[in-house]
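Listed below are the residues making up each chain.
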Amino acid sequence: MITTFEHLADAWVRRRAAPEPEALRAIQGLEPAAVVTGGSRGIGRAIAEELARHGHRVLIVARRPGDLETARQAVERAGTGPALILSLDVTEPTAGACIEEALASERLYLDTLVNSAGIGLSGRFTGQTTADLDRLVALDVTALTRLTHHALKSMLPRARGNILNVASLGAYMPGPYQAAYYASKSYVLSLTEALAEETAGRGVRIAVLAPGPVATGFHRDMGADTAIYLRALPVMSPERVARSAVRGLRLARRVIVPGLAGPFIAYALRVLPRPVIRPLVGGLLQPDDRPQTPRAR
Ligand SMILES: NC(=O)c1ccc[n+]([C@@H]2O[C@H](COP(=O)([O-])OP(=O)(O)OC[C@H]3O[C@@H](n4cnc5c(N)ncnc54)[C@H](OP(=O)(O)O)[C@@H]3O)[C@@H](O)[C@H]2O)c1
């Protein structure tokens, strides 16, 4: 249901829009599509389902075919039409072109881009390998930047489109024991806010999502499942985060911090002095690396 607020948001987003006739001709006869990187699991998958629920045709991008197929079925159940999947490592330099090709073969064009694919790294910085650090920067920073650049260059001449970059509440603070990950999310927050300002009123919605901890396999995968933050902070469901994200995008919000506690934490992090924040966050993020007692089966 389109609300009055959404109409107002739409008018605001388009206040300086000047679509180029050639760009509009290029998409004549094509249908708009939403592309969700990292859409096979976790937050990305929940956003893909939520977008399908709002009537979007969805292309889910991730690497593992098994998870992609499961996500495709879930997205189709949530929406009304077929969903598409693309097995692709988005850190490939040709990722943008591969996505365009997959869309064009179905007579679709990129109208919404959600950059959700991301990985984390936990533990002492010096304990991490350069290969792991390179992988993190390649995905969380470089791939997101390239795909955003690629999408924005075609959306602006059409004066329509949506870009949602997934950062984290971690973007607001330095993260001892997840240093590179938190720094990468600060980059995403800064980049996205800056682009939203640079392109304001030209018809493209650009938003950044900054959730606190979310119940996905992400923390286990980065070896942080013993850290205190998962017990000390409220952990949201990916579905709730997705609802908040899609609502925020429709209302043309630039920074979307889901949940009740999230906005307060984000505000506190902006006003509290860094010397207070650093040790506090370090205490929450430090993994418990004492040997675990084997559990009786
Ligand atoms: N979970 C949280 O608490 C939390 C909180 C704040 C922000 N975030 C951010 O939210 C985003 C999603 O996190 P999540 O919790 O949903 O993680 P997740 O459950 O681990 O899902 C990650 C997704 O990214 C895909 N992916 C990973 N590497 C990829 C690559 N190179 N190319 C293409 N796809 C790739 C994965 O599929 P394949 O492995 O099959 O490729 C999967 O679909 C991340 O950017 C994360 O930083 C998470």
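About the criteria used
- Residues numbered from 1 in each chain as written.
- Predicted model: local features only at pLDDT ≥ 70, side-chain atom pairs only at ≥ 80, totals over all residues.
- Heavy atoms only, no water.
- Helix = DSSP H or I, 4+ residues; strand = E, 2+ residues; numbered from the N terminus.
- Expected span 1.5 Å × (residues − 1).
- Buried < 20%, exposed > 50% of the residue type's maximum accessible area, 1.4 Å probe, protein only.
- Arc of directions from axis to C-beta.
- Contact = heavy atoms within 4.5 Å.
- Pairing = 2+ DSSP bridges.
- Axes fitted to C-alpha atoms, helices over the stretch in contact; angles between N-to-C directions.
- Phe/Tyr/Trp six-rings, centres within 6.5 Å; stacked < 30°, edge-to-face > 60°.
- Lys NZ or Arg CZ within 6 Å of the ring centre and 35° of its normal.
- 1 Å grid on protein atoms, 1.4 Å probe; cavity = no way out; pocket = protein on both sides within 12 Å on 5 of 7 lines; lining within 4 Å.
- Points joined across faces, edges and corners; volume = space filled by probe spheres on them.
- Nonpolar A, V, L, I, M, F, W, Y, C, P; charged D, E, K, R; others polar.
- Near = heavy atom within 4 Å.
- Polar contact = N/O pair within 3.5 Å; in protein donor to acceptor, adjacent residues only side chain to side chain.
- Areas by Shrake-Rupley, 256 points an atom, 1.4 Å probe, with all protein chains shown as cover.
- Right-handed = clockwise from strand over helix to strand, strands pointing away.

(A) Examining helix α12 (residues 274–285) more closely. Relative to the 16 Å expected for 12 residues at 1.5 Å per residue, α12 spans 16 Å between its end C-alpha atoms, a close match to the ideal helical length. Here α12 has its buried residues at I277, V281, G282 and L285. Across the axial projection of α12, the buried residues extend over an arc of 125 degrees, all falling on one side. Along α12, exposed side chains directed more than 90 degrees from the buried face belong to P275, P279 and L280. Buried residues along α12 sit in contact with α7 (179–198), α9 (229–232) and α11 (261–271).

(B) How the structure looks around the sheet that holds strand β1 (residues 31–37). Here we have 7 strands laid out as an open sheet, ordered β3-β2-β1-β4-β5-β6-β7, and parallel in their pairing. Either end of the sheet is taken by a strand with one partner, and the two such strands are β3 (84–87) and β7 (255–256). Contacting β5 (161–166), β6 (204–209) and β7, α7 runs over the sheet at an angle of about 155 degrees to β6.

(C) Representation of the packing of aromatic side chains. Here the structure, examined in full by the defined rule, presents 2 aromatic pairs. Geometrically, the ring pair formed by Y181 and Y182 is edge-to-face, given 6.0 Å between the ring centres and 70 degrees between the ring planes. Side by side, Y181 and Y182 carry an identical accessibility label, which is buried. Both rings, one in Y181 and one in F218, keep their centres 5.4 Å apart while their planes meet at 50 degrees; by these two values the pair is tilted. You can see Y181 sitting in helix α7 and its partner F218 sitting in helix α8 (residues 218–221), a full 37 residues away along the chain. A relative accessible area of 23% places F218 in the partly exposed class. Chaining the aromatic ring pairs together yields one cluster made of Y181, Y182 and F218. Residue placement shows R15 over the ring face of W12; its charged tip is 3.7 Å from the ring centre.

(D) View of helix α1 (residues 4–13). Turning to α1, its buried residues are E6, A9 and V13. Down the axis of α1, the buried side of the element spans an arc of 60 degrees, and every buried residue falls inside it. Within α1, the exposed residues directed more than 90 degrees away from the buried face are T4, H7, L8 and W12. Those residues of α1 that are buried are in contact with β6 and α10 (238–250).

(E) Region of the structure containing the layout of surface pockets. Considered as a void within the structure, the second largest pocket measures approximately 390 Å³ in volume. Around the second largest pocket, the lining comprises 18 residues; the ones closest to its centre are D10, H56, N162, R205 and R250. For the lining of the second largest pocket, the elements supplying multiple residues, two or more each, are α1, β4 (108–115), β5 and α10. Broken down by element, the lining of the second largest pocket gets its largest block of residues, 4 residues, from α1. For the lining of the second largest pocket, the class distribution of residues is 5 nonpolar, 6 polar and 7 charged.

(F) The arrangement of the site of the ligand in detail. Residues in close proximity to the ligand total 27 residues, the closest being S40, Y181, V214, T216 and H219. Between the ligand and the protein, one listed contact pairs an oxygen atom with a backbone N or O atom of I43 at 2.7 Å. A distance of 2.7 Å separates an oxygen atom of the ligand from a polar side-chain atom of R63. With the chains in place, 97% of the 890 Å² that the ligand exposes on its own is no longer accessible. When residues of the shell around the ligand are traced back to their parent elements, those giving at least two are α3 (42–53), α7 and α8. Per-class residue counts for the shell around the ligand are 13 nonpolar, 9 polar and 5 charged.

(G) Summary view of the pairing of β4. Burial runs high along β4: 8 of the 8 residues are buried. Relative to β4, β1 runs parallel, the two being bridged by 7 bridges. The residue bridging T37 from the neighbouring strand is N115, located in β4. Pairing of β4 with β5 involves 4 bridges; the strand directions are parallel. Bridging from a neighbouring strand, L113 pairs with I163 of β5. Considered for its hand, the β-α-β crossover made up of β4, helix α6 (residues 130–158) and β5 is right-handed.

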